[in-house]
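# Notes for the structure review
Chain by chain, the residues:
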Amino acid sequence: AERAMAQLDGPKLTKKDKVEYCLANGSEDFIVKYKMKGLVKNLVKSLNALQIDKAYDELVNGPAREAAANAANAAAALEKEAAGKEAADLLAEQKAAHAEIKAAEEAAKAAAAVRAERMEDSSWATRLAEERIAKLKAARGQRAAASSSSTTEAAVAAAAAIIEAGLAGLPTDCLRALHLDPVSAVRLGLTCTRLRAAVLLEPSSWESLSLRDVQPASLRTDDALDALAALAQGALGELDCTGCPLLSRGAVSGVAEANAKTLHTLRAVGLSGNSCWSTEQLKQLQARCPSLATLELDMVVDRLGPEASALLASAQLPRVAGLKVRNVGPEDAADAGRLTAAAPWLRSLVLEGCSATSLQVEGARLFAAELAKAPKEKKECEQGLTNLDCPRTYMQCEGIVALSAALSALGSLRSLSLPSNMIRIGGAEAIHSLCATPGSALHTLDLRYNEIGALGAPHIGALLAANGALTDLDLRFNGIDNFGIIALAEGLEHNSTLLHLNLTGNLCQIGGAERLGQALGVNQTLQTLELDSNRLVLKGATALAVGLLKNTGLRKLTVGGNSVKAAAKKFASALQVNKTLEWLELGANQIDDEGCDELAWALAGSAGLTYLDLSRNDLTSDCCEELAEALRANRTLLTLDLATCRIGDEGAKLLAEALAVNQTVKVDLTQNVMTPLFIQRNLALLKARVRASFQRAPVMDGEGEEGEEK
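A brief report on the enclosed structure follows. What you are looking at is a predicted structure, and each value in this text was computed from that prediction instead of being measured.

### Side note on the nonpolar core
Core analysis: the biggest nonpolar cluster contains 141 residues, and Leu323, Leu388, Leu416, Phe571 and Leu642 have the highest contact counts within it. Excluding residues within four positions of it along the chain, Leu388 makes contact with Leu349, Phe367, Leu403, Leu407, Leu413, Ser415, Leu416 and Ser417. Phe30, Tyr34, Met36 and Leu43 belong to the second-largest nonpolar core, a separate cluster that totals 14 residues.

In structure tokens:
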């Protein structure tokens, strides 16, 4: 072997040298196998080079190869044994988890059976109810005998009896007319659900119920209204639910029908979603509630004919405060204009078009001509049209010009929404003229999907500089490039009223972003700036981050889908200085673990940020250690969005451990690469604060088929 290695290190061996080596070192079996019996000279001539090389290679390298193969086989056997053991352990864990789940299900079934058995025991429930009712009736009789001077005192005494019995936490100042603030309405509505079976107040104690502008964040408002109205025992005379966006039309109708004999006033304007009354539903409500003398609500109709518009414009019942006309066409325009002019109590009008039919230029001109005939002087109780929404009506430039002139003369408009109308440059100029009208009170302007472009944006910029009432401006998807963005930024520098600006889906690049960053350093009143799906890239995002260093008014900034990647470090530096920003969205920006680490360090010392979106970025479990440390230190963040990244079990475990310390933040880990078993075992206890699901691990560039199989 030493001789062979020396020969390999030296000059290249000839066929003769190889044959001599084989004859000198090969065994008898080896020589027979390769037919090497004879003289060296003859063998060199008779054997070809391939045979000699093969024999030589086997003799020199064969033992080493055999040893390596034996070692590999042994290692494979050990690995197979370890894999079998790991699989057995995993199977045992899964069986244990399934057993725990099954045990929990059995316990839940047993508890449900106990509850069902208790509910079936009617004698126990009846006896308990009878005892409480008898006790309360006795107490009420004693108080009524002692003092029966007025109905109000009796109502207060009944409420006190309920509190003493522990049935509900009713306020002690329960009077004939009940007007509740939001907190009291929520608390009272939830506690009164237990009194539906046995109402204990006098029927005359509640004659008026007002839930005006009640906006609880997470409440079954319908149930609360039903419980509150049930306490009136069919004697409710007035119900005001105006401006309660979580209340449905069905709940209001049910309460009205339950108090049909006494209800004389119903106001239900601005309810949840599409809770409007159709013509048929309105007729049913009037038929079932003959006592109604005052009725204010929202209506929805398909197409608007002369008969319907005449009915709605009459001063008789009902007074429609909000009207939505679906599938509106040019033939409906004149009727809609006459209705708006003749019904000063109509405050909100929606004219919704579709791909098959819309107002177009002709309909817009007819509507504007009739609207211009509205009386200029109104009574104090008559507000006139304050909200106009015309989605997908395709009025174009000419129609918007005519409509703007009519609205300028009207003078009462507060909110104007014109999405998908193709107003372009001339329409933007007309909107500028409308807002520049002396005394204009327009505060909300929605111009989405209107092809305003770079040449129309300067008119909107001039509007911002001159108008002193506008607070909300929506310019999404209008094809506004750097030239237009610069004009808007110049308008922002001279504006002191705008609070919300949405520029999502435009063509803002480096120059426009730099000008916006400068505007942020000057304008301290803007609270929301949305720049998702533009073309900011690194330099543009850096300019915005520099603007944040001087800004003290912005509360929300969204720059998702802009490929800013390395600018994450700039935003991290800005967060260390800016203490007023509360909402930051950086989703879909190719931010990697290094950029996330920078943001985590800034987050640890942030005292203002409550929402951070890092979803759809190139984040793995490597960034979770810094994020976990930041969550332990931070006490202001409420939501951290990490959805659709590549965070695995290890990173999710670090975050879950941090959430055990931080009891306020919620984390979104949906569509990451955690295993189902990990989610089931480790995140189940945090399911109220962690959203988690799994997906197949994505294949990275260059991994090939082997990486994909893994």
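Once the structure has been displayed, the description carries forward.
### Comments concerning helix H24 (residues 649-659)
Every buried residue belonging to H24 is among Gly651, Ala652, Leu655, Ala656, Ala658 and Leu659, and all of these are buried. Buried residues of H24 fall within an arc of 160° about the axis and therefore sit on the same side.

### Considering the packing of aromatic side chains
Tallied over the entire structure, the rule returns 2 aromatic pairs. Note on Tyr449 and Phe477: the rings are 5.1 Å apart at their centroids and 5° apart in plane angle, and the pair reads as stacked. Here Phe477 lies in the loop between strand E11 (472-474) and helix H18 (482-493) and Tyr449 lies in the loop between strand E10 (444-446) and helix H17 (453-466), a separation of 28 residues in the sequence. When its relative accessible area of 36% is taken as the criterion, Phe477 is described as partly exposed.

### Some words on the packing of helix H21 (residues 568-577) against helix H22 (residues 593-605)
For the pair H21 and H22, interaxial distance at closest approach is 8 Å and the crossing angle is 0°. Classified by the angle between their axes, H21 and H22 sit roughly parallel to one another. Contact residues: H21 offers Ala568, Lys569, Phe571, Ala572, Leu575 and Gln576, while H22 offers Glu594, Gly595, Glu598, Leu599 and Ala602. Here the residues of the contact of H21 with H22 sort into 6 nonpolar, 2 polar and 3 charged.

### Quick word on H22
Helix length check: H22, at 13 residues, gives a terminal C-alpha distance of 19 Å against a target of 18 Å (1.5 Å per residue), a fit within 8%. Looking at H22, one finds that the buried residues are Asp593, Gly595, Cys596, Asp597, Leu599, Ala600, Ala602 and Leu603. Looking at the buried residues of H22, the elements they touch are H21, strand E16 (611-613) and helix H23 (624-633).

### Some details on the environment of Arg476
Tracing the backbone shows Arg476 in the loop between E11 and H18. Relative accessible area serves as the criterion here: at 25%, Arg476 is assigned to the partly exposed category. C-alpha of Arg476 to C-alpha of Pro419: the two residues are 57 residues apart in sequence and 9.4 Å apart in space. Other than its neighbours up to four places away in sequence, Arg476 contacts Arg448, Tyr449, Asn502, Thr504 and Asn506. There is a polar contact of 2.7 Å between the side chain of Arg476 and the side chain of Asp474.

### Some points on the pattern of salt bridges
A full pass over the atoms with the stated rule returns 16 salt bridges. Note that Arg326 is salt-bridged to Asp302, the shortest N-O span being 2.9 Å. Of the two residues, Arg326 is situated in strand E6 (residues 319-326) and Asp302 in strand E5 (residues 294-302); the sequence distance between them amounts to 24 residues. We classify Arg326 as partly exposed; its relative accessible area is 33%.

### Overview of the packing of H22 against H23
Two elements in contact, H22 and H23, have axes whose closest approach is 8 Å; the angle formed by their N-to-C orientations is 10°. Comparing the axis directions of H22 and H23 gives the class roughly parallel. Mapping the contact onto sequence places Cys596, Asp597, Ala600, Trp601, Leu603 and Ala604 in H22 and Glu626, Leu627, Ala630 and Ala633 in H23. Class assignment for the residues of the contact of H22 with H23 results in 8 nonpolar, no polar and 2 charged.

### Here's the deal with a nonpolar patch on the surface
Together, Ile425, Leu455 and Phe483 line one region of the surface with nonpolar side chains, adding up to about 310 Å² of accessible area. With respect to the helices and strands, the residue Phe483 is situated in helix H18.

### Here's the deal with unusual backbone geometry
Of note, the phi angle at Val537 is positive, near 50°, even though the residue is not glycine. Residue position: Val537 is located in helix H20 (residues 537-550). For Arg616, which is not glycine, the phi torsion reads 55° and is therefore positive. Relative to the helices and strands, Arg616 is located in the loop between E16 and H23.

Procedures and definitions
- Residues numbered from 1 in each chain as written.
- Predicted model: local features only at pLDDT ≥ 70, side-chain atom pairs only at ≥ 80, totals over all residues.
- Heavy atoms only, no water.
- Core = buried A, V, L, I, M, F, W, Y, C linked by side-chain atoms within 4.5 Å.
- Buried < 20%, exposed > 50% of the residue type's maximum accessible area, 1.4 Å probe, protein only.
- Contact = heavy atoms within 4.5 Å.
- Helix = DSSP H or I, 4+ residues; strand = E, 2+ residues; numbered from the N terminus.
- Arc of directions from axis to C-beta.
- Phe/Tyr/Trp six-rings, centres within 6.5 Å; stacked < 30°, edge-to-face > 60°.
- Axes fitted to C-alpha atoms, helices over the stretch in contact; angles between N-to-C directions.
- Parallel < 35°, antiparallel > 145°, perpendicular 65-115°, else oblique.
- Nonpolar A, V, L, I, M, F, W, Y, C, P; charged D, E, K, R; others polar.
- Expected span 1.5 Å × (residues − 1).
- Polar contact = N/O pair within 3.5 Å; in protein donor to acceptor, adjacent residues only side chain to side chain.
- Salt bridge = Lys/Arg side-chain N within 4 Å of Asp/Glu carboxyl O.
- Patch = residues over 30% accessible without salt bridge, like charges linked within 9 Å, V, L, I, M, F, W, Y side chains within 5 Å.
- Areas by Shrake-Rupley, 256 points an atom, 1.4 Å probe, with all protein chains shown as cover.

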